[in-house]
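An overview of the molecular structure
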Amino acid sequence: SVIAIELDSNLTEFVYYNLLFLKDKILKLTMTGTQANLNADIVKNIEISLPDEKTIEKISNILSSMDKIIDLHKQELEQLKLKKKYYLNKIFDKKR
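What this report covers is the structure whose coordinates are included nearby.

On to helix α1 (residues 9–21). Note: α-helices contain 3.6 residues per turn, so residues at a spacing of three or four share the same orientation. Compared with the 18 Å implied by 1.5 Å per residue over 13 residues, the 18 Å span of α1 between its first and last C-alpha is a close match. Those residues of α1 that sit buried are Leu 11, Phe 14, Val 15, Tyr 17 and Asn 18. All buried residues of α1 project into a common sector of 165° when viewed along the axis, lining one side. For α1, the secondary structure elements touched by its buried residues are α4 (53–92).

Next up on the list: the packing of aromatic side chains. Within this structure, the stated rule accounts for two aromatic pairs. For the pair Tyr 16 and Tyr 17, a centre-to-centre distance of 5.1 Å together with 65° between the ring planes defines the contact as edge-to-face. The class for Tyr 16 is partly exposed, based on a relative accessible area of 47%. Take Tyr 17: its relative accessible area is 13%, and that puts it in the buried class.

With 40 residues, α4 should reach 58 Å at 1.5 Å per residue; the first-to-last C-alpha distance of 58 Å fits that figure. Among all positions of α4, only Ile 56, Ser 60 and Ser 64 are buried. Of the surrounding secondary structure, the elements contacted by the buried residues of α4 are α1. Taking the backbone nitrogen of Lys 54 as reference, a side-chain oxygen 3.2 Å away marks Asp 52 as the first, capping residue of α4.

Time to look at the pattern of salt bridges. Per the stated rule, a full pass over the model turns up one salt bridge. The shortest N-O distance in the salt bridge between Glu 78 and Lys 81 comes to 3.8 Å. In this pair, Glu 78 and Lys 81 are both assigned in helix α4, three residues apart and thus about one turn of the helix distant. The exposure class of Glu 78 is partly exposed, given its relative accessible area of 44%.

On the surface, Tyr 86, Tyr 87, Leu 88, Ile 91 and Phe 92 cluster together into a nonpolar patch covering about 560 Å² of accessible area. Inspection of the secondary structure assignment puts Tyr 86 in helix α4.

Definitions and limits used
- Along each chain, residue indices are assigned from 1 in the same order as the chain's sequence is written.
- The predicted origin of the model limits local features to residues at a pLDDT of at least 70 and limits the giving and counting of side-chain atom pairs to 80 or more, whereas totals for whole chains, interfaces and linings rest on all residues.
- Side-chain descriptors were evaluated using all non-hydrogen atoms of the structure, hydrogens and water having been removed beforehand.
- Helix and strand assignments come from DSSP, with helices taken as H or I runs of at least 4 residues and strands as E runs of at least 2, each series counted from the N terminus.
- A helix's residues, less one, multiplied by 1.5 Å, set its expected span.
- Exposure is judged per residue with a 1.4 Å probe applied to protein chains only, and the accessible area is read against the type maximum: over 50% gives exposed, under 20% gives buried, and values in between give partly exposed.
- The arc in question is traced by the directions running from the helix axis to the C-beta atoms.
- Here a residue-residue contact requires only that any non-hydrogen atoms of the pair lie within 4.5 Å.
- Aromatic pairing here means that ring centres of Phe, Tyr or Trp (its six-membered ring) are within 6.5 Å. Orientation follows from the plane angle: under 30 degrees is stacked, over 60 is edge-to-face, and everything else is tilted.
- Think of a polar contact as two N or O atoms within 3.5 Å of one another; within protein, one of them needs to be a possible hydrogen donor and the other a possible acceptor, and neighboring residues in sequence only count if both atoms come from side chains.
- We count a salt bridge whenever a side-chain nitrogen from Lys or Arg sits within 4 Å of a carboxyl oxygen from Asp or Glu.
- Excluding any residue in a salt bridge, patches collect residues exceeding 30% relative accessible area, merging like charges within 9 Å and nonpolar Val, Leu, Ile, Met, Phe, Trp and Tyr side chains within 5 Å.
- The Shrake-Rupley method, run with a 1.4 Å probe sphere, supplies the accessible areas, and residue values consider only the shown protein chains as cover.

Written as structure tokens, this is what we have:
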């Protein structure tokens, strides 16, 4: 199932981060049988408290900026791994 909620971008990000924070709690609610199931009753009972608009904007901007930094570091890490692999091959893959 898919739920579509139309919100302004800061509020959308705020709700996204809030749900991300609540992910483990939500997953526990879905684990009632052999297959996880997120039904309308569970979704209706999820409470998200909303601060004022300025606070929502600040929180969204901070968390979004952190995500961008994390993404950059992930890219750097992947580049370093490739570099390491290259050097390992150069050093140890000598023809005997």
